[in-house]
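Report on the structure
Here's the letter readout for the chains.
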Amino acid sequence: MVQLSKAKADKAGNLYKQPQSKRGTSRILLLIVLILIGLLVYQHNYSEDEINALLEEKKELSTEFEKKLTSLTKEMMDAEEEKHGAEQSRHELEVELRELKKDNDEIKAKPKKSKGGEKETSSKVKDVMLAQLTKLETDVQRMAKNTVLEKYGPEPYRVEFQIEFNPEEVPEGTADKFVIEMAPLDYMPYTVHFFLEQASKGLLDGCSFHRNAGHVVQGGPISNHLSQGRNVRKPFQEADLTSVAFQEYHEKFPHVKYTLGYAGRPGGPDFYVSTIDNTKNHGPGGQGSYAIKSEADPCFAKVIEGFEAVDRMATVSVQPGSYKRMEHYIAIKSAKIVKS
């Protein structure tokens, strides 16, 4: 009898040493769960009614959770739809503003000869259009500021430029990047939003600094030795980010050295970094060759790191002619929004 017990014990020991099948493991786990449930019921001495009550409570909690989840999902969808609607409204306002701005420019550029009452009527029309233009600009600025805060968070906003000089002309030095900080939203909300959208969509990647005019280094959608064969202008057109809707400017953020501004009328997509103080040259009234002489180039950012890289770009040789196009374009490898 002792020998038989010992034999059974040895057999049991051998079973533990053998690998368990998945089916056997599942049975053991199920048995453990049942034992734990039994102990729990026994310990708390739950009656059948109490167990049913607990199950019912669990069911109610589950139902309540589902309702809350459904409600939150709907709120999120509504918020997303509202955000999309606001973006669409802002875009429509920009289009309307461009059209009104164009009409206003034409009136100022080509005044009609009139006498008496006709002259007075024409003046009133101009006043009405100017009031509408001012209101539209204010609405666009307000919506742009809200969009920036919602999409990019609190200020300040910074963008890092990675550049590469053409191997045919590499200036002395090693600096190949610089960081800019956007103008305060209270000063330049619309233009800051415009540039951040260009950067966030990667539109500046592959573009070039192509002009060294002495007072500015200008960049824009022109290909270079790294982006040959690419149409770098097309993405700007597809994103409707080729030019600003109006020439936003604030006297507290002037075109001093190492600031950034948009070139042309309407400004964009070309931009420039001032290599001297261009407050008068590019501020209000400084660009007398355009239709509205009192306008200024939008000044929307300033260099805060990598001044040496900007200085290096300003030494690149130029082609003959007054435009001062660079002999060898400088590649913008990337322009990415970075954490401040």
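Structure first, text after, so check above.
Residue numbers restart at each chain and count upward from 1, following the sequence in its written direction. Per-residue local features of the predicted model are confined to residues with pLDDT of at least 70, and side-chain atom pairs are confined, for both listing and counting, to 80 or more; whole-chain, interface and lining totals are unaffected and use all residues. Excluded from the side-chain calculations are hydrogens and water; all other atoms, namely the structure's heavy atoms, are used.

**Looking at the overall build of the protein**
- Within the protein one finds eight helices and eight strands.
- Exposed residues in this analysis have more than 50% of their type's maximum accessible area, buried residues have under 20%, and partly exposed residues fall in between, with area computed by a 1.4 Å probe over protein chains only. Residues counted as buried form 35% of the 340 residues belonging to the protein.
- Here, two residues are considered to be in contact whenever any of their heavy atoms come within 4.5 Å of each other. For the protein, the proportion of contacts with a sequence separation of at least 24, taken over those separated by at least 6, is 72%.
- Areas reported here follow the Shrake-Rupley algorithm with a probe of radius 1.4 Å; residue values treat only the protein chains shown as occluding. Accessible surface computed for the protein: about 21100 Å², of which carbon and sulfur atoms make up 55%. Secondary structure follows DSSP: runs of H or I at least 4 residues long count as helices, runs of E at least 2 residues long count as strands, and numbering of each begins at the N terminus.

**Points about the pattern of salt bridges**
- We define a salt bridge as a contact between a side-chain nitrogen of Lys or Arg and a carboxyl oxygen of Asp or Glu at a distance within 4 Å. One pass over the structure, following the stated rule, counts 11 salt bridges.
- With a closest N to O distance of 2.6 Å, Asp186 and Lys145 form a salt bridge. Of the two residues, Asp186 sits in the loop between β2 (177–182) and α5 (189–200) while Lys145 sits in helix α4 (residues 116–152), which places them 41 residues apart along the sequence.
- According to the relative accessible area criterion, Asp186 is exposed, its value standing at 56%.
- Lys145 gets classed as partly exposed once you look at its relative accessible area, which sits at 29%.
- Its salt-bridge partner being Asp297, residue Arg265 comes within 2.6 Å of it at the nearest N-O pair. Residue Arg265 is found in the loop between β5 (259–262) and β6 (271–274), and its partner Asp297 is found in the loop between α7 (279–282) and β7 (299–305); the two are separated by 32 residues along the sequence.
- Take Asp297: its relative accessible area is 1%, and that puts it in the buried class.
- Within this structure, Lys135, Asp139 and Arg142 form a network of salt bridges that share partners.

**Section: the sheet that holds strand β8 (residues 325–338)**
- In this description, strands pair whenever DSSP reports at least two bridges between them. Spatially, eight strands are ordered β1-β2-β7-β5-β6-β4-β3-β8 in a closed barrel, and the strand pairing comes out antiparallel. Put simply, the sheet's adjacent strands are angled 35° from each other on average, direction ignored.
- Where strand β4 (residues 216–220) and β6 come together, four bridges link them in antiparallel fashion. By the bridge assignment, Gln218 is partnered in β6 with Tyr272. Throughout, an axis means a line fitted to C-alpha atoms (over the contacting stretch in the case of helices), and angles, computed between N-to-C directions, take values from 0 to 180 degrees.

**Describing the nonpolar core**
- By nonpolar core is meant a set of buried Ala, Val, Leu, Ile, Met, Phe, Trp, Tyr and Cys residues that side-chain atoms within 4.5 Å join together. In terms of nonpolar packing, the biggest core is built from 52 residues, with Phe161, Phe178, Ile180 and Phe209 touching the most fellow members.
- Looking at this core, the element that brings in the most residues is α5, giving six residues.
- Phe209 has contacts with Ile163, Phe178, Val217, Gln218, Gly219, Phe271, Val273, Met313, Met326, Tyr329, Ile330 and Ile332, leaving out every residue within four places of it along the chain.

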